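Reading the structure
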Amino acid sequence: MVVPTRLLALTLFTSLTLATPLAHSKYSRDLLVHERREDLPLGFSLAGAAAPSTPLKLRIALAQNSPDAVVDALYSVSDPSSDKYGQHLSKDEAAQLAAPNPDSVAAVNDWLAEHGLKATALTPAGDWMEVQLDVSKANSLLAADFSLFTHGSSGLEAIRTLSYSIPAPLKGHIDLIHPTTAFPEPVESNLKHGKRSFHEAVLSRASSSQCSNGTTPACLQELYNIPTTPATVASNRLAVTGRFGNNAHYDFLQEFLKRYRPDMDPNTNFTVMSVDGGNNDQDVPSVSEGELDIQYSVGLATNVSVDYIMVGVKWQDGALEGYLDEVNYLLSLDSPPQVLTTSYGFSESSMSFELTDKLCKAYAQLGARGVSILFAAGDNGVGCTQNSTSFAPRFPSNCPYVTSVGGTQGYAPEEAWDGSSGGFSNYYSAPAYQSSAVSTYLSTLASSPLAKTTQGRFNASGRGFPDVSAKADDFRVWENTVASLYGTSASSPTFGSVIALLNDRLAEKGKGPLGFLNPWLYSKGVEGLKDITSGNSSIECNGEEFGFEAVPGWDPVTGLGTPDFNKLLGVLGL
């Protein structure tokens, strides 16, 4: 185990007096520390100084002209009680709300120009800019000490500084500069392998349920009343996030459809979109995640156009590892897919609140345009941090502007899956749309046997997740043989497929997509969900076992429950 290194022990920081801007510059004096971290992330250590000529790409996040405008607009078009419900914004309208003050743009450009630098706008709103420079110039510009750090167990290397400063006149114009103090954390796939050696067709057990032989499209169709009727609206699309190495093989999808959706054309396919140099190379071995996500999106959302957004490793967003690049790519489209499902995530504490909030606000902007954004909650129960008694919430499920999908198992009855991540954010308070549901749960918890073992280990006023759930166990996937896979990686595309099919029915009636789901789910959509009231999450942490229980109503294991397509149609008046 690597003990976090104290900032003072490193003696890394250059004195502010060593910065060398032009003496007559209006930005030359009064440099103020803008971000600082006291400890290195667990596992990282200082390897030495970074070579002065090493190139860097720094992103500057500008303060938005109206910081609350995007979120206000999101809730306005997403709350069924609003008179603007369903009136989603255009690309230009959303960009205008997220735009920085022109004075901020001018001030930052002037500052950079005085140092011989020029920035490029990265987003339609212009709220992110990129400047290219070397380590020597960055150290001078920001009174920083960019150094090389390594992660012991993974070998990951990163050039970072533990502190940086900006001129006092730019306070209020710059929200943050990245990557600086944020360190990379390996992005985790929310997927677990079970049995993997079904070389022959599995014989049916003595049960009339389609779920008696593992989780297949037929099982999910039966359990959640998902129709096999093909979607009819060509403009209705479902996007699936893929990451480097998690390729989806066309021939595997074809065989999957032959075996599990014989009523579909086995040549039904998907479109690949590339971000950060991602590609869906067919000559690499399967690592399951891509196969699962695509096979159950194409195989459940019958005839819905599916886009596979492959995020490569040529990241332009540093420690965010393509998350910001992906959402900015979608924001750049005139007509983004109406549903996005992602099966990856990492610890909330791995990023500062400031950086987290910039990314969450980008999701809010996409949601305001009518996109339903779903993330797998994770497979780590309440989450565990070494040498800490506190539970560890997950990103992006902690964002109030996305829909987090937890996991269930079984079918008679369906109950909470013990790996399903859930809990309460330490960054965000419970949003208004779920405050009543969370309050009710906390009252139930206070009188349960778990009250003592969970007390003081989570932020009781935090945003609760997941919001909803779907099966996470024994998903049968084809990858040259039948694999059995577990995890909320399966739950998110399942729920996303249901939303895509609902959007198709809405579009048939000339109505817009559901967009950001949560205000609707907690107020009306809950009537179309099955409440999961048994089972619990469980994780061993520092020698003890912890978890939350599924109870009537919302809970931090299964959320509001699992979907019933027919009931949801009824809620929508279709």
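The structure presented is a predicted model; accordingly, all values stated were derived computationally and were not measured. (Residues numbered from 1 in each chain as written. Predicted model: local features only at pLDDT ≥ 70, side-chain atom pairs only at ≥ 80, totals over all residues. Heavy atoms only, no water.)

**With respect to the overall build of the chain**
Helices and strands together make up the secondary structure of the chain, namely 15 helices and 29 strands. Relative to the compact-globule value of 25 Å for 574 residues, the chain shows a C-alpha radius of gyration of 24 Å, a close match. Each of the three principal axes of the chain carries a C-alpha extent, and together these read 80 × 55 × 50 Å. Each of the 574 residues in the chain was classed as buried or not, and the buried ones make up 59%. Of the roughly 22000 Å² of accessible surface on the chain, a fraction of 50% belongs to carbon and sulfur atoms. Within the chain, one finds 38 positive and 60 negative side-chain charges whose respective centroids are separated by 1 Å. (Helix = DSSP H or I, 4+ residues; strand = E, 2+ residues; numbered from the N terminus. Rg over C-alpha atoms; globule rule 2.2 N^0.38 Å. Buried < 20%, exposed > 50% of the residue type's maximum accessible area, 1.4 Å probe, protein only. Areas by Shrake-Rupley, 256 points an atom, 1.4 Å probe, with all protein chains shown as cover. Lys, Arg positive; Asp, Glu negative; His and termini not counted. Charge placed at Lys NZ, Arg CZ, Asp CG, Glu CD.)

**Overview of the sheet that holds strand E3 (residues 55-62)**
Strands sit in the order E4-E5-E3-E9 across an open sheet of four strands; the sheet is antiparallel. Here the strands that pair on one side only, and so sit at the sheet edges, are strand E4 (119-121) and strand E9 (174-178). Direction aside, neighbouring strands of the sheet carry axes that sit 25° apart on average. With three bridges connecting them, E4 and strand E5 (residues 128-134) associate as antiparallel partners. Within E5, the residue paired with alanine 121 across the bridge is methionine 129. Those strands touched by helix H5 (residues 135-142) are E3, E5 and E9, and its axis lies near 120° from that of E5. (Pairing = 2+ DSSP bridges. Axes fitted to C-alpha atoms, helices over the stretch in contact; angles between N-to-C directions. Contact = heavy atoms within 4.5 Å.)

**A word on the nonpolar core**
Of all hydrophobic cores here, the largest spans 145 residues; its most connected members are Leu142 and Tyr363. Setting aside residues up to four positions removed in sequence, tyrosine 363 forms contacts with Tyr323, Val327, Ile373, Phe375, Phe395, Pro396, Cys399 and Val402. Counting residues in hydrophobic clusters, the runner-up holds five residues, among them Leu40, Phe44, Phe149 and Leu162. (Core = buried A, V, L, I, M, F, W, Y, C linked by side-chain atoms within 4.5 Å.)

**Quick look at the environment of alanine 362**
Along the chain, alanine 362 falls in helix H10 (residues 353-368). Taking relative accessible area as the criterion, alanine 362 reaches 7% and is therefore assigned buried. For the pair alanine 362 and leucine 331, spaced 31 residues apart in sequence, the C-alpha to C-alpha distance is 8.4 Å. Ignoring sequence-local partners within four residues, the contact set of alanine 362 consists of Leu324, Val327 and Leu331.

**Brief notes about the side chain of asparagine 398**
For asparagine 398, the position within the fold is in the loop between strand E18 (394-395) and strand E19 (403-409). Within the structure, asparagine 398 has its side chain in polar contact with the side chain of glutamate 348 (distance 2.9 Å). Ignoring any residue separated from it by four or fewer positions in sequence, one finds asparagine 398 in contact with Glu348, Thr356, Ser425, Tyr427, Tyr428 and Arg463. (Polar contact = N/O pair within 3.5 Å; in protein donor to acceptor, adjacent residues only side chain to side chain.)

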